[in-house]
Amino acid sequence: MSRAELLEAWHGHLALGLRRSPHTVRAYDKAAERLLTRLDLAEWDDVAELSTAALRTHLASRRADGLSNASTARELSALKGFIAFARTQAGHAVSDPPRLRGPRIKKGLPRPVTPDDAIGLADTVEALAADDWIGARDRAVLLLLYGAGMRIAEALSLTASALPLGERLTVTGKGGKQRVVPLIPIVREAVADYAERCPWPLPAEEPLFRGAKGGPLVQGVVQRTTARARKALGLPDSATPHALRHSFATHLLGAGADLRSLQELLGHASLGSTQIYTKVDAASLLETYRSAHPRERD
């Protein structure tokens, strides 16, 4: 077989067999292509018989290319899936991938996740889901938290009457206070993808996000799936669903958003609640100062 044929079969397995989202398919395709190219593999048997040591060496070379811990963990997850698929294609009795743990990052003080890690969490909860529609659901929920700054309770209280999502969404927060949040395309597309895949009817006044048996999705399920994803990515325990809302605020502040606007977007009753994000962003502001101040460059 040719390398292109291996990649075509892998792509079809992801896109048609597992019905993974296009962005997940692209990422997993690229990971497999890098492995095949770097190790000069062109047969299913060659991939199936890849040793743990060879996989570790390949990942070490990727780290040398500048890959972060979280990105390395995502790549490892993709390659394990590819090798398991190769073993099935090669007719091996056991399709389990090599036992190799991903990199860990040291636990520290609670902090917002990086933009890459936030998207990585959303992509990974989808990749780890048992059913494609559940993966699409979990990804949509996490993107509402990070992309729109919603509380998890606010996201799960949405009804199907919100569909189809536009560029703005009215959210009911604490104390019944309503606010309008803007929705970026990646969030709208994720929710639309979930709604299309959901096997349960979605009447307008019923919950938008459904559990596996059709009832309302509960916070505990989202928290558990996020915990699985952060473990797979080697992220700290502080990378929770609420941390995504926290990250939304911190990243906007770092990009120049003013506190009053941030207060409105988050639905805080007082400006004091929003000001905690100035402390969180202090480290990045200090780094900016050190890199920009003339005396610091002397």
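Scroll up to find the structure this text is about.
In this report, the structure presented in the accompanying data block is examined. (Residues numbered from 1 in each chain as written. Predicted model: local features only at pLDDT ≥ 70, side-chain atom pairs only at ≥ 80, totals over all residues. Heavy atoms only, no water.)

**A short note on a negative patch on the surface**
For step 1, the next point in the chain: On the surface, Glu5, Glu8, Glu43, Asp45, Asp46 and Glu49 cluster together into a patch of negative charge.
For step 2, the next point in the chain: Listing elements by their share of the negative patch, those giving two or more residues are α1 (3-17) and α3 (44-48).
For step 3, the next point in the chain: As for its placement among the helices and strands, Glu8 is situated in helix α1. (Patch = residues over 30% accessible without salt bridge, like charges linked within 9 Å, V, L, I, M, F, W, Y side chains within 5 Å. Areas by Shrake-Rupley, 256 points an atom, 1.4 Å probe, with all protein chains shown as cover. Salt bridge = Lys/Arg side-chain N within 4 Å of Asp/Glu carboxyl O. Lys, Arg positive; Asp, Glu negative; His and termini not counted. Charge placed at Lys NZ, Arg CZ, Asp CG, Glu CD. Helix = DSSP H or I, 4+ residues; strand = E, 2+ residues; numbered from the N terminus.)

**Details of the layout of surface pockets**
For step 1, the next point in the chain: If you add up the space inside the second largest pocket, you get close to 360 Å³.
For step 2, the next point in the chain: Residue lining of the second largest pocket: 22 residues in total, with Ala27, Tyr28, Arg74, Glu75 and Asp123 positioned closest to the centre.
For step 3, the next point in the chain: Of all the elements in the fold, those that place two or more residues in the lining of the second largest pocket are α2 (22-39), α5 (69-89), α6 (115-128) and α10 (219-233).
For step 4, the next point in the chain: Classifying every residue of the lining of the second largest pocket gives 10 nonpolar, six polar and six charged. (1 Å grid on protein atoms, 1.4 Å probe; cavity = no way out; pocket = protein on both sides within 12 Å on 5 of 7 lines; lining within 4 Å. Points joined across faces, edges and corners; volume = space filled by probe spheres on them. Nonpolar A, V, L, I, M, F, W, Y, C, P; charged D, E, K, R; others polar.)

**Re the nonpolar core**
Note that soluble globular proteins tend to have their nonpolar side chains buried in a common cluster.
For step 1, the next point in the chain: One finds Leu144, Met150, Leu169 and Phe209 to be the most contacted residues of the largest nonpolar core, which totals 44 residues.
For step 2, the next point in the chain: Broken down by element, the residue count for this core peaks at 11 residues, all from helix α7 (residues 132-148).
For step 3, the next point in the chain: Those residues in contact with Met150, other than ones at most four positions away along the chain, are Leu144, Leu145, Ala155, Leu158, Leu169, Val171, Arg179 and Arg245.
For step 4, the next point in the chain: Leu7, Ile83, Ala86 and Leu100 belong to the second largest nonpolar core, which has 26 residues in total. (Core = buried A, V, L, I, M, F, W, Y, C linked by side-chain atoms within 4.5 Å. Buried < 20%, exposed > 50% of the residue type's maximum accessible area, 1.4 Å probe, protein only. Contact = heavy atoms within 4.5 Å.)

**Some details on helix α9 (residues 185-197)**
For step 1, the next point in the chain: Along its 13 residues, α9 runs 18 Å from first to last C-alpha, staying within 8% of the 18 Å computed at 1.5 Å per residue.
For step 2, the next point in the chain: Three or more residues of α9 are buried, namely Val187, Ala190, Val191, Tyr194 and Arg197. With its buried residues spanning 135 degrees around the axis, α9 presents them on a single face. Residues of α9 that are exposed and point over 90 degrees away from its buried face: Glu189 and Glu196. (Expected span 1.5 Å × (residues − 1). Arc of directions from axis to C-beta.)

**Observations concerning the environment of Asn69**
For step 1, the next point in the chain: Relative to the elements of secondary structure, Asn69 occurs in helix α5.
For step 2, the next point in the chain: With relative accessibility at 17%, the residue Asn69 sits in the buried group.
For step 3, the next point in the chain: Counting along the chain gives 164 residues from Asn69 to Leu233, while the straight-line C-alpha distance between them is 7.7 Å.

**Thoughts on the packing of aromatic side chains**
For step 1, the next point in the chain: Counting across every chain of the model gives five aromatic pairs.
For step 2, the next point in the chain: Taking 5.4 Å as the distance between ring centres and 85 degrees as the angle between the ring planes, the aromatic pair formed by Trp44 and Phe85 counts as edge-to-face. One end of the pair, Trp44, is in helix α3; the other, Phe85, is in helix α5, with 41 residues separating them in the sequence. Both residues of the pair, Trp44 and Phe85, belong to the buried class.
For step 3, the next point in the chain: Taken together, the ring pairs in this structure connect Trp10, Trp44, Phe82 and Phe85 into an aromatic cluster. (Phe/Tyr/Trp six-rings, centres within 6.5 Å; stacked < 30°, edge-to-face > 60°.)

**Remarks on the packing of α2 against helix α4 (residues 52-64)**
For step 1, the next point in the chain: Two elements in contact, α2 and α4, have axes whose closest approach is 11 Å; the angle formed by their N-to-C orientations is 105 degrees. Compared by their axis directions, α2 and α4 come out roughly perpendicular. Mapping the contact onto sequence places Arg34, Leu35 and Arg38 in α2 and His58, Ser61 and Arg62 in α4.
For step 2, the next point in the chain: Per-class residue counts for the contact of α2 with α4 are one nonpolar, two polar and three charged. (Axes fitted to C-alpha atoms, helices over the stretch in contact; angles between N-to-C directions. Parallel < 35°, antiparallel > 145°, perpendicular 65-115°, else oblique.)

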